[in-house]
Amino acid sequence: MTLKDWNIPHGWFEEIINSIGECVVIIDREGMVRHLNNAYCKFLETTKEEAVGKPVQNVIENTRMHMVLKTGQAELSAIQSIKGNEMVANRYPIYLDGEIAGAVGTVKFRNRQEWVEYARKIQSLLEELNYYKTTLEGALESKYSFEDLIGQSKPFLEAKQLAERVAGSQSSVLLLGESGTGKELFAHAMHQRSSRGPFPFVRVNCASIPEHLLESELFGYEEGAFTGAKRGGKKGKFQLAHRGTIFLDEIGDMPLAMQNKLLRVLQEKEIERVGGQAPIPIDVRVIAATHRNLEKMVQEGTFRQDLYYRLNVIKIDIPPLRERKDDIVRIAQFLLKKLERNFNRHGIQLSEEVVKRLQYHNWPGNIRELENVLERAVNVLDQAEIHVTHLPLYLRDDEKQMMHSNESKEEATSTLQPLKETIMAAEKEAIMQALKAAEGNKLAAARLLDISKTSFYDKCKLYNV
Ligand SMILES: Nc1ncnc2c1ncn2[C@@H]1O[C@H](COP(=O)(O)OP(=O)(O)OP(=O)(O)O)[C@@H](O)[C@H]1O
Ligand SMILES: [Mg+2]
């Protein structure tokens with residue numbers, strides 16, 4: 001037998017590629033998928049029939065396979081995010097007769113258990129990193145005062161005046177209001193107005209701190225408290241806020257176990273560091289906020305009643321934007337001035353029609369939603385006046401309802417389009433909104449829309465988001 005007879009028979013190759021555990025993709029010179037092995041199909045929840053013949057970017061999220069065709073260079077051990085997981089990718093160009101003919105890519109994890117362990121490690125590191133990045137940015141200073149709180153309508157002025165009156169008190173404050181109504185702004189303004197103003201304002205987002213970090217974040221830890229603990233230990237947020245204000249944002253998302261510990265701190269006015277011996281006295285004013293219905297949570301047993309009473313010494317209800325429609329234009333103009341500064345533009349106006357639409361809309365996302373709508377409009381604007389066409393589709397849907405109630409049938413019919421198109425446009429808009437609200441995190445966005453991860457990915461693909 002010659003060596004040639006020992007070569008692998010041609011027909012075996014596909015079978016071999018298919019049977020290995022790593023995910024393998026092969027693309028041709030044009031960047032089209034030629035082959036996707038079983039492991040990859042399973043991971044992406046697709047089939048060969050679906051994938052083959054499509055541009056690789058349409059099949060694999062965040063791929064750089066097409067770049068390898070351009071550079072002719074292999075990319076090794078690159079971190080690639082697929083379906084919310086950080087994966088390790090290798091990408092190699094395929095040369096035939098000295099010419100680039102395509103590329104082969106693999107994504108690694110050798111067995112499910114290994115992958116789960118790896119993912120758990122990396123994911124929690126990334127979570128921590130993300131958390132520190134965002135908290136560092138705005139740490140320890142308050143940025144807004146009462147002058148930044150725009151609004152003249154009665155319910156809003158009542159809330160603002162109450163906040164001004166009690167700003168100087170030492171009692172705990174509970175700010176309640178829907179998402180985007182300005183709870184954080186109120187907290188800043190109250191801190192600045194109080195005698196604690198020159199001292200730190202420390203914000204803690206109880207919803208975004210990974211649960212396993214919450215205790216050490218709030219109360220700090222001693223050197224050697226656990227593996228990985230920093231030398232010299234670490235101060236917690238309560239200590240950092242000494243003599244100032246701690247803003248416990250999204251308090252309704254605090255796990256029950258932590259609620260117990262928080263209650264103790266509020267009662268005793270001292271904290272215990274993780275791994276610490278002696279309690280440390282603290283002088284901190286607490287302002288808490290949530291968009292959740294805490295009373296209902298207390299009834300359901302998901303929020304401690306005694307903590308609720310502790311926090312609820314002064315309760316301030318911030319009205320939603322739809323209950324202060326008189327303020328919409330005033331706030332819009334204030335926000336436009338801010339946008340003009342950021343975009344280096346001048347004299348941006350709202351057309352009469354736009355003013356009507358803004359007043360008609362219900363604003364479930366409140367001022368934050370208004371901000372997004374205006375920012376989007378300024379982005380697509382080339383003259384000085386914002387028209388209805390610069391508004392997102394869902395606001396233009398309001399337009400249709402307005403027309404039905406006000407104007408002639410004829411005009412209404414001219415804005416109609418096939419139902420399927422309207423639904424698709426609405427879906428796409430919802431997906432973009434959810435992504436924005438979740439700051440790009442697809443898993444969280446899917447959760448916001450209450451759809452499965454898979455169907456979220458499918459829709460992103462469909463709408464090219
Ligand atoms: N009265 C107001 N005048 C001007 N801008 C405001 C006002 N209220 C809120 N904003 C702006 O709206 C945005 C949302 O406000 P903020 O972050 O305080 O809302 P929130 O109630 O904390 O929302 P969430 O519950 O989603 O965290 C911010 O960019 C803020 O600057
Ligand atoms: Mg907030």
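Residues numbered from 1 in each chain as written. Chains lettered and ligands numbered in written order. Predicted model: local features only at pLDDT ≥ 70, side-chain atom pairs only at ≥ 80, totals over all residues. Heavy atoms only, no water.

As annotated in an unreviewed UniProt entry, the protein is Transcriptional regulator with PAS, ATPase and Fis domain from Priestia iocasae.

K.L.:
Would you take a moment to explain the packing of helix 19 (residues 419-437) against helix 20 (residues 442-449) for this structure?
P.N.:
For any two helices packed against each other, one specifies the crossing angle of their axes together with the interaxial distance. Two numbers describe how helix 19 lies on helix 20: the axes approach to 8 Å, and their chain directions differ by 125 degrees. With respect to helix 20, the axis of helix 19 lies oblique. Like other packed secondary-structure pairs, helix 19 and helix 20 cross with a definite hand, here right-handed. Seen from helix 19, the contacting residues are Ala 430, Ile 431, Ala 434, Leu 435 and Ala 437; seen from helix 20, they are Lys 442, Ala 445, Leu 448 and Leu 449. (Axes fitted to C-alpha atoms, helices over the stretch in contact; angles between N-to-C directions. Helix = DSSP H or I, 4+ residues; strand = E, 2+ residues; numbered from the N terminus. Parallel < 35°, antiparallel > 145°, perpendicular 65-115°, else oblique. Left-handed = near helix turned anticlockwise from the far one by under 90°. Contact = heavy atoms within 4.5 Å.)

K.L.:
Would you mind going over the packing of helix 9 (residues 211-219) against helix 11 (residues 256-268) with me for this structure?
P.N.:
Closest axis-to-axis distance for the helix 9/helix 11 pair is 11 Å, and the angle between their directions is 10 degrees. Regarding the angle of helix 9 to helix 11, the classification is roughly parallel. Our pair here, helix 9 against helix 11, has a crossing hand that is right-handed. Note on element contacts: helix 11 touches helix 9 through Met 258, Lys 261, Leu 262 and Val 265, opposite Leu 214, Glu 215, Leu 218 and Phe 219. Residue composition of the contact of helix 9 with helix 11, by class: six nonpolar, no polar and two charged. (Nonpolar A, V, L, I, M, F, W, Y, C, P; charged D, E, K, R; others polar.)

K.L.:
Just to check I follow, could you spell out the pattern of salt bridges for this structure?
P.N.:
Oppositely charged side chains can form a pair if their charged atoms are brought close together. Under the criterion given, the structure shown has 25 salt bridges. Between Lys 154 and Glu 158 there is a salt bridge, and its shortest N-O distance comes to 3.3 Å. With a gap of four residues between them, Lys 154 and Glu 158 both fall in helix 7 (residues 154-166), about one helical turn apart. Since its relative accessible area comes to 62%, Lys 154 is described here as exposed. Residue Glu 164 pairs with Arg 193 through a salt bridge whose shortest N-O separation is 3.2 Å. In this pair, Glu 164 sits in helix 7 while Arg 193 sits in helix 8 (residues 183-193), placing the two residues 29 residues apart along the sequence. Classification of Arg 193 as partly exposed rests on a relative accessible area of 41%. Shared partners join several salt bridges into a network, and the residues in it are Arg 64, Glu 75 and Arg 91. (Salt bridge = Lys/Arg side-chain N within 4 Å of Asp/Glu carboxyl O. Buried < 20%, exposed > 50% of the residue type's maximum accessible area, 1.4 Å probe, protein only.)

K.L.:
Even after reading the chapter, I still don't get the site of ligand 1, so can you show me in this structure?
P.N.:
Taken together, 18 residues surround ligand 1, and among them Ser 179, Gly 180, Lys 183, Arg 368 and Glu 371 come closest. The backbone of Thr 181 places a nitrogen or oxygen atom 3.3 Å from an oxygen atom of ligand 1. Out of a free accessible area of 630 Å², ligand 1 has 91% covered by protein chains. Every element with two or more residues in the shell around ligand 1 is listed here: helix 8, helix 14 (328-343) and helix 16 (366-380). Of the residues that constitute the shell around ligand 1, the class distribution is six nonpolar, four polar and eight charged. (Near = heavy atom within 4 Å. Polar contact = N/O pair within 3.5 Å; in protein donor to acceptor, adjacent residues only side chain to side chain. Areas by Shrake-Rupley, 256 points an atom, 1.4 Å probe, with all protein chains shown as cover.)

K.L.:
Even after reading the chapter, I still don't get helix 7, so can you show me in this structure?
P.N.:
For an α-helix, the turn length of 3.6 residues means that residues three or four places apart are oriented alike. With 13 residues, helix 7 should cover 18 Å at 1.5 Å per step; its first-to-last C-alpha distance of 18 Å lies within 8% of that length. Taken residue by residue, helix 7 has Phe 156, Ala 159, Lys 160, Ala 163 and Val 166 as its buried positions. Down the axis of helix 7, the sector holding all buried residues measures 140 degrees, keeping them to one side. With respect to the buried face of helix 7, the exposed residues turned more than 90 degrees away are Lys 154 and Arg 165. (Expected span 1.5 Å × (residues − 1). Arc of directions from axis to C-beta.)

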